[in-house]
Amino acid sequence: MGSDTSKQEKVKPRKVDDERLRAIIDFEIRNSLGFGGELFEQRRKALDYYYGDKFGNEVEGRSQVVSSDVFDTIEWMMPSLMRIFTSGDDVCRFDPEGPEDVKASEQESKYINHILMKDNDGFKILHDWFKDALMMKNGIVKSWWDESEEVTMDEYEGLNDNEFIQLINTDGVEVLEHTENLSEDMAMQVAMSPGLERAGVTHDVKIKKTRKTGKVQVTVVPPEQHYISRRAEDIDDAMFIGERSLWTISELREAGYDVSESITGDDEGWWQEEYLSRHDYDDSHLLTEVNPGMDGAERKVWVDEAYIKIDKDGDGISEWLKVVKVGEVVLEIEEVDGHPYTAITPTPIPHKFYGLSVADLTMDLQLVKSTLWRSMLDNYYMLNNGRFAVVEGMVNLDDMLTSRPGGVVREKVPGSIRPIDTPPLPNHIYSMIEYVDKVRNERTGIRAFNGLDADTMQNTTATAVSQQVDAANIKEEMIARIFGEGVKRLCLRIHEIVCKHQDQKRVVRLTGEEWVPIDPSHWKHRMDMTVVVGLGNGNKDQKIRNLSMLAQQIGATRQDPELKALTSPKNVYNMLVEGTEAMDMKNHADFFTDPDSQEGQQAVQMAQQNQTKDPKVQAEEVKGQFMLQKTQMDAQQEMQKLQMEVGKLQAEMKMEEMKQQLDFIKMKTEADNEKAKNDIELEKLRSELVAEREQNEVEQAKTAIEIEKVNFEKEKLAQEMALAQQEHDLKLQELEVEKAQERSVRIGE
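Now for a quick tour of the structure.

Definitions and limits used
Residues numbered from 1 in each chain as written. Predicted model: local features only at pLDDT ≥ 70, side-chain atom pairs only at ≥ 80, totals over all residues. Heavy atoms only, no water. Pairing = 2+ DSSP bridges. Helix = DSSP H or I, 4+ residues; strand = E, 2+ residues; numbered from the N terminus. Axes fitted to C-alpha atoms, helices over the stretch in contact; angles between N-to-C directions. Contact = heavy atoms within 4.5 Å. Expected span 1.5 Å × (residues − 1). Buried < 20%, exposed > 50% of the residue type's maximum accessible area, 1.4 Å probe, protein only. Phe/Tyr/Trp six-rings, centres within 6.5 Å; stacked < 30°, edge-to-face > 60°. Parallel < 35°, antiparallel > 145°, perpendicular 65-115°, else oblique. Nonpolar A, V, L, I, M, F, W, Y, C, P; charged D, E, K, R; others polar.

**Looking at the sheet that holds strand β10 (residues 341–344)**
Adjacent strands of a sheet pair through backbone hydrogen bonds, lying either parallel or antiparallel.
Stage number 1. One open sheet holds the 4 strands; their spatial order is β3-β4-β2-β10, and the pairing between them is antiparallel. A single partner strand is all that each edge strand has here, and the edge strands are β3 (173–181) and β10. Neighbour-to-neighbour, the strand axes of the sheet open up by a mean angle of 25°, direction not taken into account.
Stage number 2. Of the strand pairs in this sheet, strand β2 (residues 139–159) and strand β4 (residues 202–221) are connected by 18 bridges, and their pairing is antiparallel. Across the sheet, E155 pairs through a bridge with K206, a residue of β4.
Stage number 3. Sheet contacts for helix α7 (residues 161–168): β2, β3 and β4; angle to β2, the most-contacted strand, approximately 160°.

See below:
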């Protein structure tokens, strides 16, 4: 019975001490995504392909060219993405929650944009953030409230008592040196009369001023230095996340950490393959900057800044903790509201934190295209410096191995050298390269000529052309939309940071306004916002035309007594401000006066006073104004009609020009194809002529050999005949000798 009761007892949460917390952090780091493994290898490979490094399968003496498809695709995307997000004045805009919230939301929007783009290097942050995502799967930015101290040294001379007291009582002032100056006569008078005023006393002082400042910091985290829990499907639901970065001992001390000069961190960051791949291209990694003499405050160590959600105090509720450590030494454990990171990826995969990068979509194509290029170049090299078959012992091999224009090759017997034919490349290899480019374009949506087809363009209207261009860019716009969600989360986080930490008013000059005080302590908790993107000058031109039409409608409405109440001076002012901003004129206050300002209200009152005239006079004035406006409207309509005609003519001229360009491109392409075909036929004919010439040379060599053989047989026969004649003469001589001997014998007998 007692055992059953113990089983039913609720297990109480256990507190986590610092040593156990450090062990948990070490375990999470070792088992996190981003700490080694296949992910490192994929991102290292993406960096190598972006830089155009060799693949490792190169053969000495053969072509080693590398295509730049990964680099080209990413660099084609970057200008469009940066134009989309930075072509306007605002990156983001908060939506008002009611009519009374319009002004507040506008001010908050402008201030958040000011923090991102002015206080921080917003353009570079967005550029690096987007490029990391396109190249390395995910881009990571970190945003936090940074409190720092500005220390200045000042010296003052000749201060009186009041000035000296006022100075030293100022917050943040520390007196380093102080000298009180008093002449001897005045000192004697003061000693004799203690109540005498210190009129002749002056102070020389040296002080140190310490002023605390705080601001929102935004920075891009290198992907190889970031890690996240393997269990995380999104950065918002990650229970563990952090980064490993380089700090000097001096920077750690300036941040308030008490560290010794002998402290050491994990050295794995120095030898990380992804880190080395990023810096080996130009040899900029820090391993080349290690100075043996810098063992003190300037020595750098790897610092882990980890954020983990854990129940440390044992109350049964997990809280976010920030843990800073160097190696085995924990420098800080602080409870925080959450982690400071925001992530984007160009191709999200459901239920996974890491998506696919543009490099992932194009690396295999770069390898295939490089292989085709190498085959083509190897073939051209072989045509210019081919292989030869030679008769052993009949050719000087040193001459054969030295290939130079006009070089001489010595041979003993004509025809001892025979070239080995190199077959020309088939035509379909060029089609294969075009097919690889087509696959790349379909995967990424990037087209060098916007995907416009010459045959399609010949009888196409401007609207159809615009639709085809939009269809070609739809994938890039999809990536921009996904990135826009990340920018939205970043701006919302900046808004949250400012509301929590900026406790003092700040006077700044926002876009199109005068210097205004900003106090975020009264701001609302924002959840709704719109990421503003500008899709090029074409949309601005369309916006200006729409505003012109709207201005005509507002003007007509303001002149109609029955419809005049539909528009107010503020509505007209807002329309004019939109027009000036669309025309890239930021200083709209130089052209128009806000009706809500004091000057604007005075102008409205004067206009209302002018309306208290004689009704007949007003009627005549209204009639005259109506006629004038009617004349102006007729003139404007004629002008618009003329502008439309001119625009139509310009569009037709532009279409004709585009058609001519496309016809020229088509003709050039056909001419190039015809030239390539003729070159192939010429190369084929040249190869046949070379083969025929080689065959003739072989036949000539055979004939010469046969002639040499006949001459040799003839000489051999002549020699045999001469030898036979000599033998015959010798036999005759022997017969004569024998006859002489017989004759001599007979005579003796």
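We are not done yet, so read on.
**Observations regarding helix α5 (residues 102–119)**
Stage number 1. For α5, spanning 18 residues, the distance from its first C-alpha to its last is 24 Å, which sits close to the expected 26 Å at 1.5 Å a residue.
Stage number 2. Listed in full, the buried residues belonging to α5 are S105, E108, S109, K110, Y111, I112, N113, H114, I115 and L116.
Stage number 3. Buried-residue contacts for α5 involve β1 (92–94), α6 (122–136), β4, α17 (474–501), β13 (506–509) and β14 (515–518).

**Points about the pairing of β4**
Stage number 1. Where β3 lies against β4, 8 bridges are found, and the strand directions are antiparallel. Bridging across to β4, E180 finds its partner in H203.

**A short note on the packing of aromatic side chains**
Stage number 1. Counting across every chain of the model gives 10 aromatic pairs.
Stage number 2. Where Y50 meets Y51, the ring centres are 5.9 Å apart and the plane angle is 65°; that geometry is what we call edge-to-face.
Stage number 3. Ring plane angle 10° and centroid distance 5.8 Å describe the contact between Y227 and F240, whose orientation is recorded as stacked. Placement of the pair is Y227 in strand β5 (residues 226–228) and F240 in strand β6 (residues 240–248), with a sequence separation of 13 residues. The two residues Y227 and F240 agree in class, both being buried.

**Let's talk about the environment of S68**
Stage number 1. Relative to the elements of secondary structure, S68 occurs in the loop between α3 (38–51) and α4 (69–86).
Stage number 2. In this structure the C-alpha to C-alpha distance between S68 and K369, which are 301 residues apart in sequence, comes to 9.3 Å.

**Observations concerning the packing of α4 against helix α12 (residues 358–384)**
Stage number 1. Look at α4 against α12: their axes get within 8 Å of each other, and the N-to-C directions meet at 140°. With respect to their mutual orientation, α4 and α12 come out oblique. Residue-level contacts link D69, V70, T73, I74 and M77 of α4 to V358, A359, T362, M363, Q366 and K369 of α12.
Stage number 2. Counted by class, the contact of α4 with α12 contains 6 nonpolar, 3 polar and 2 charged residues.

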